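This is what each chain is made of:
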Amino acid sequence: MADKVDAFSRMDGHRADFAKVSTLSAALKIASEATFLHRRFQHYTSVPSLVSMILGESMWLTRGDSISLDDSQESKKFGSRQEWGRTYIGCFSHFGGESAAMWRLYCKPNAFAIRVSASRERFEDWVNNLRNIKSFEVAKMNRGYKGNQILRVDCESVCFQDLVYLSVKGDQPREKTRANQMYWFGDRSEIDKNLSVERRKTAVTGLVKDSEWGFELESRLLIKINDNGSPSCAKV
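Within the open sheet, the four strands sit side by side as β9-β8-β7-β10. Their pairing is mixed. Both edges of this open sheet fall to β9 (187-188) and β10 (208-210), since each of them pairs with a single strand only.

Topologically, Arg199 is positioned in the loop between α8 (195-198) and β10. Despite its burial, Arg199 pairs with no opposite charge; the closest candidate is Glu175, at 5.3 Å N-O. At 3.4 Å, the side chain of Arg199 and the backbone oxygen of Ser196 are in polar contact. In contact with Arg199, not counting residues within four places along its chain, are Leu24, Lys77, Phe78, Gly79, Leu166, Val168 and Val204.

Assignment of secondary structure puts Phe8 in helix α1 (residues 2-18). Along the sequence, Phe8 and Arg39 sit 31 residues apart, while their C-alpha atoms lie 9.4 Å from each other.

Summed over all chains, the structure comprises 14 salt bridges. In this structure, Arg15 and Asp187 form a salt bridge, with 2.6 Å as the shortest nitrogen-oxygen distance. Here the residue Arg15 occupies a position in helix α1, and Asp187 occupies one in strand β9, the gap between them amounting to 172 residues. Accessibility expressed as a relative area gives 29% for Arg15, which makes it partly exposed. Between Lys29 and Glu33 there is a salt bridge whose closest N-O contact spans 2.5 Å. One end of the pair is Lys29 and the other is Glu33, both in helix α2 (residues 24-34) and four residues apart, which spans about a single turn. For Lys29, a relative accessible area of 51% puts it in the exposed group. By relative accessible area, Glu33 is classed as partly exposed at 39%. Salt bridges sharing partners connect three or more residues here, namely Glu74, Lys209, Glu216, Glu218 and Arg220.

Attention shifts here to a nonpolar patch on the surface. A contiguous nonpolar patch, built from Val47, Val51, Ile54, Leu55 and Phe112 and spanning about 540 Å² of accessible area, is present on the exposed surface. Along the chain, the position of Phe112 falls in the loop between α6 (100-107) and β4 (114-119).

Turning next to the packing of aromatic side chains. In total, this model carries twelve aromatic pairs according to the counting rule given. Ring centres of Phe18 and Trp184 lie 5.6 Å apart, and the angle between their planes is 50°; on these two criteria the pair is classed as tilted. With Phe18 in helix α1 and Trp184 in strand β8 (residues 181-184), the pair connects residues that are 166 residues apart, well separated along the chain. Classification of Phe18 by relative accessible area gives buried; the value is 0%. Overall, Trp184 belongs to the buried group, its relative accessible area being 0%. Taken together through their ring pairs, the aromatic side chains of Phe36, Phe41, Phe92, Phe123, Trp126 and Phe160 make up a single cluster. One Lys or Arg, Arg15, reaches over the ring of Phe185 and ends 4.5 Å from the middle of that ring.

Right, let's talk about the pairing of strand β3 (residues 87-93) for a bit. Among the seven residues in β3, six count as buried, and that is most of the element. As defined by bridge partners, strand β2 (residues 60-63) adjoins β3 across two bridges and the pair is classed as antiparallel. Each residue of the ladder has a partner; that of Arg63, found in β3, is Tyr88.

What follows deals with unusual backbone geometry. At Phe185, a residue that is not glycine, the phi angle is positive and equals roughly 55°. Summarising the element assignment, Phe185 is placed in the loop between β8 and β9. Classification of Phe185 as partly exposed rests on a relative accessible area of 22%. Residue Leu217 is not a glycine yet carries a positive backbone phi of 45°.

About the cut-offs
- Residues numbered from 1 in each chain as written.
- Predicted model: local features only at pLDDT ≥ 70, side-chain atom pairs only at ≥ 80, totals over all residues.
- Heavy atoms only, no water.
- Pairing = 2+ DSSP bridges.
- Helix = DSSP H or I, 4+ residues; strand = E, 2+ residues; numbered from the N terminus.
- Buried < 20%, exposed > 50% of the residue type's maximum accessible area, 1.4 Å probe, protein only.
- Lys, Arg positive; Asp, Glu negative; His and termini not counted.
- Salt bridge = Lys/Arg side-chain N within 4 Å of Asp/Glu carboxyl O.
- Polar contact = N/O pair within 3.5 Å; in protein donor to acceptor, adjacent residues only side chain to side chain.
- Contact = heavy atoms within 4.5 Å.
- Patch = residues over 30% accessible without salt bridge, like charges linked within 9 Å, V, L, I, M, F, W, Y side chains within 5 Å.
- Areas by Shrake-Rupley, 256 points an atom, 1.4 Å probe, with all protein chains shown as cover.
- Phe/Tyr/Trp six-rings, centres within 6.5 Å; stacked < 30°, edge-to-face > 60°.
- Lys NZ or Arg CZ within 6 Å of the ring centre and 35° of its normal.

Okay, structure coming up:
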């Protein structure tokens with residue numbers, strides 16, 4: 001019980017600090033430090049994907065510049081184009097309850113979807129184990145989650161942390177009223193006047209997303225490899 005109370009107290013502190021930040025680097029630092037204070041993490045997926053994970057005792061991560069991400073514009077708006085080509089992503093939610101919006105995303109076009117849930121302790125152990133792995137298999141995936149052209153590539157880094165959502169003022173009609181603010185865990189930061197520049201930096205690749213996707217409350221597994229332009233999926 002004491003550990004739970006301490007986690008809640010520390011999370012409240014991080015949320016209070018986030019409301020005061022005015023730079024993207026500071027926002028990402030808070031999100032990183034708070035990630036494993038969430039009680040549980042959820043992974044929404046399709047039934048075929050779950051079957052593949054169970055039978056293969058592993059899961060496939062999507063390359064960051066793949067159009068199969070829910071926000072297909074993400075790699076064009078945020079981070080470095082070159083960095084996206086060597087970054088593989090696994091998506092999870094730290095939302096504590098049921099999310100109707102997430103169910104709608106994964107139930108289409110099929111009538112069924114699955115939510116896999118695990119405690120922060122299990123996730124932390126899993127991520128720490130992944131950090132000890134020196135290389136991963138990557139493959140071009142065909143229908144039915146069968147891979148070909150399987151290669152083994154060296155791993156540069158493994159990261160698991162909450163995303164920060166950005167509302168960046170721009171020239172498009174839907175962007176003109178935005179205020180250059182950041183969001184995390186439903187909280188809003190101070191205005192960051194340099195956000196339009198900071199969002200393009202290599203260091204933020206895969207760690208930020210448009211504020212329109214804030215309902216996902218996403219935490220991401222990011223694996224970066226030493227080879228740019230590898231096939232579309234990586235197995236962990």
